[in-house]
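Here's the letter readout for the chains.
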Amino acid sequence: MFAIDAVGEMALGQSFGLCATDKDKDNWLPMLVKFLEIACLVGTQPIIAPILRWISQIFPEPPNIKILTGIVTGRMDSRFKGYAQQDISPGHEDMFWMLMAAENPDGSKYSLEQVRAAVGLILGAGSDTTAIIMRAMVRFIVGDAEIYRKVEKEINDAVNLGEIQFPLSNRDAEKLPYFQACLKETLRLHPPISWTLSRRVGAGGMHIAGRFFAEGTEVSMSPFVVHRQPEAYGYDAAMFRPERWLKADSEQRKTMEHNNIAFGSGPRVCLGKMIGILEVSKVMPLLFWKYKIGFTARSTTSPHRHKVGRAVDGRVSTEEPYFVTSQWVAVQSDFWCDLTLKRDSLLAAAA
Ligand code: HEM
C-alpha cells in the first residue's frame, strides 16, 4: 500500500489514500498483479497486443479495472485542466509537471497521449517492484536470526548514538552499511523483474555467450540467473550473505556491482532506480526499529492454504513464509507476519 501511495504522490502529486485509510478498497493490489501479468504477456508476445486491444473494445472493462482506470484518468484530466489554467503543480514539482514541460528530440512538446502513457508506465513500474523488495527483505532478514540480530543492533546503536533520526534521510540510511548490504543481497537474490526489457540485435548480428544471434533478434537477460553466477558472487552465490558486500575487496565489489542488473543496465536502465532504493531505505529501517517481526502460518482464507510455500528459486518448502509466482515479475502472495511494537520505540514516542 505504501509503494502505491508513494508512486501516486510522485507521479500525480497525490497519494491514492491506501495508507491513510489502511484499506485497499479499490483493489489496487490484486489489479496491479493482473496488470503485470498482462504486461508480461504483451511484452514477451507483442503479437498478442492487437488481439487484446480488440477484445478490450468488444468486451466491457471488468468493474474493478474500471474503478482504477477511472481514478487515474480522473486525476490526470484534472491535472491537464489545471495545467491549461496555469495551475501547474500541486505545491511541488511532480512527474506529471515534468512530463508536461518535457520535449521530444525534435523540440515538440509531449502529446497528451505521451504524458498519459508515461504516467501509466510509472504507476505500473514503480509500485509492485518496490513492494516485492520490501517483502523479500523481511523474509531474508527475519528468516535468519543472526542476520536479524545484526540489522536490529545496527539500527538501535545508530539511533541511540544520535547518528540517525526518523524519518530517515537518504544520507542517514547510508550510515547503516549492514542494512544496505542486506538490500543489495535482496535485490540480488530476489530481483523483482525476472528479465530485463528486451534489446534488438544490431546490424550484422552478434555473438553472445558463444552463440550467434541474427540481426533483429530480441534478446534479454535474467537478473535471477546472472545474480547467481559463482564466477561473480562466489561459491555460495545462492546464499543470502550480506557480508559478501562488506568483506569484498575493491576488485570483487566492482565485479559484483557490474553483474547486478536488478534495475537493468545501459540506456534503458530503470528510471526509478534511485527512487526505489530511497523508498526501501527510508521505510525498512523504521519498520525494523519499531516492530519485532515474526512469520505466521498462512491464512485459512488463502488460495494457497493447502500448499506449502514457494521461494523465489521455485523451492517448495513448509518453511517458506510466502508463495512466489514468477512471470515477468516475481511476486509474493500470502505473506503473514506478526508485528509487535518494541519497547524502545514506545519509549521514544512517549519522550
Ligand atoms: C526496487 C524497485 C525497482 C526495480 C527492481 C525496478 C526494475 C526495473 C527494470 C529491471 C527495468 C528494465 C530495465 C532494463 O531493461 O534495462 C525497469 C524499467 C523501468 N522502471 Fe523500474 N524498478 C524499480 C522501481 C521503479 C520505480 C520506483 C519507478 C518510478 C517511479 C520505476 C520506473 C521505471 C520505468 C519508467 C522503466 C522503463 C524505462 C525505459 O523504458 O527506458 N521503477 N525497472
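Residues numbered from 1 in each chain as written. Predicted model: local features only at pLDDT ≥ 70, side-chain atom pairs only at ≥ 80, totals over all residues. Heavy atoms only, no water.

(A) Just unusual backbone geometry, in detail. The linkage connecting F166 with the following residue, P167, adopts the cis geometry, with an omega of -5°. Residues other than glycine seldom take positive phi values, yet N27 does so here, at roughly 65°. Counting through the fold element by element, N27 comes out in the loop between α2 (18-21) and α3 (28-44). For N27, a relative accessible area of 27% corresponds to the partly exposed category. Located in the positive-phi region is A209, a residue other than glycine, with phi close to 50°. Residue placement: A209 occurs in the loop between β2 (206-208) and β3 (211-213). We classify A209 as exposed; its relative accessible area is 81%. (Helix = DSSP H or I, 4+ residues; strand = E, 2+ residues; numbered from the N terminus. Buried < 20%, exposed > 50% of the residue type's maximum accessible area, 1.4 Å probe, protein only.)

(B) Seen up close, the environment of F263. With respect to the element layout, F263 can be found in the loop between α14 (250-259) and α15 (273-290). Discounting residues that sit within four places of it in the chain, F263 has contacts with L187, V269, C270, K273 and I277. (Contact = heavy atoms within 4.5 Å.)

(C) Molecular detail of the domain arrangement of the protein. Entries for the protein in the domain assignment read domain 1 (1-142) and domain 2 (145-201 + 215-292). Taking the mean C-alpha position of each, domain 1 and domain 2 sit 25 Å from one another. Interface area, domain 1 with domain 2, both sides summed: about 1800 Å², of which 85% is carbon and sulfur. Interface area lost by domain 1 to domain 2 is led by M137, F140 and I141, which between them contribute 36%. (Domains from an automatic or database assignment. Buried area = accessible area lost by both parts, 1.4 Å probe.)

(D) How the structure looks around the coordination of the iron atom of the ligand. Donor atoms from the protein around the iron atom of the ligand number only one, C270 (SG), found at 2.3 Å. Within the secondary structure layout, C270 lies in the loop between α14 and α15. (Donors = N, O, S within 2.8 Å, 3.2 Å for Na, K, Ca; no water.)

(E) Region of the structure containing the UniProt feature "binding site: heme" (unreviewed entry) in the protein. Residues annotated in UniProt with the feature "binding site: heme" (unreviewed entry) correspond here to C270. Taking the relative accessible area as the measure of exposure, C270 reaches 35% and is therefore partly exposed. (UniProt positions renumbered as here; feature names shortened; annotations may be inferred.)

(F) Representation of the packing of aromatic side chains in the model. Scanning the entire structure with this criterion turns up eight aromatic pairs. Aromatic pair F140 and F240: ring centres 4.6 Å apart, planes at 10°, arrangement stacked. Separated by 100 residues along the polypeptide, F140 in helix α7 (residues 112-142) and F240 in the loop between α12 (230-233) and α13 (243-247) bring together distant segments of the chain. For F140, a relative accessible area of 12% translates into the label buried. (Phe/Tyr/Trp six-rings, centres within 6.5 Å; stacked < 30°, edge-to-face > 60°.)

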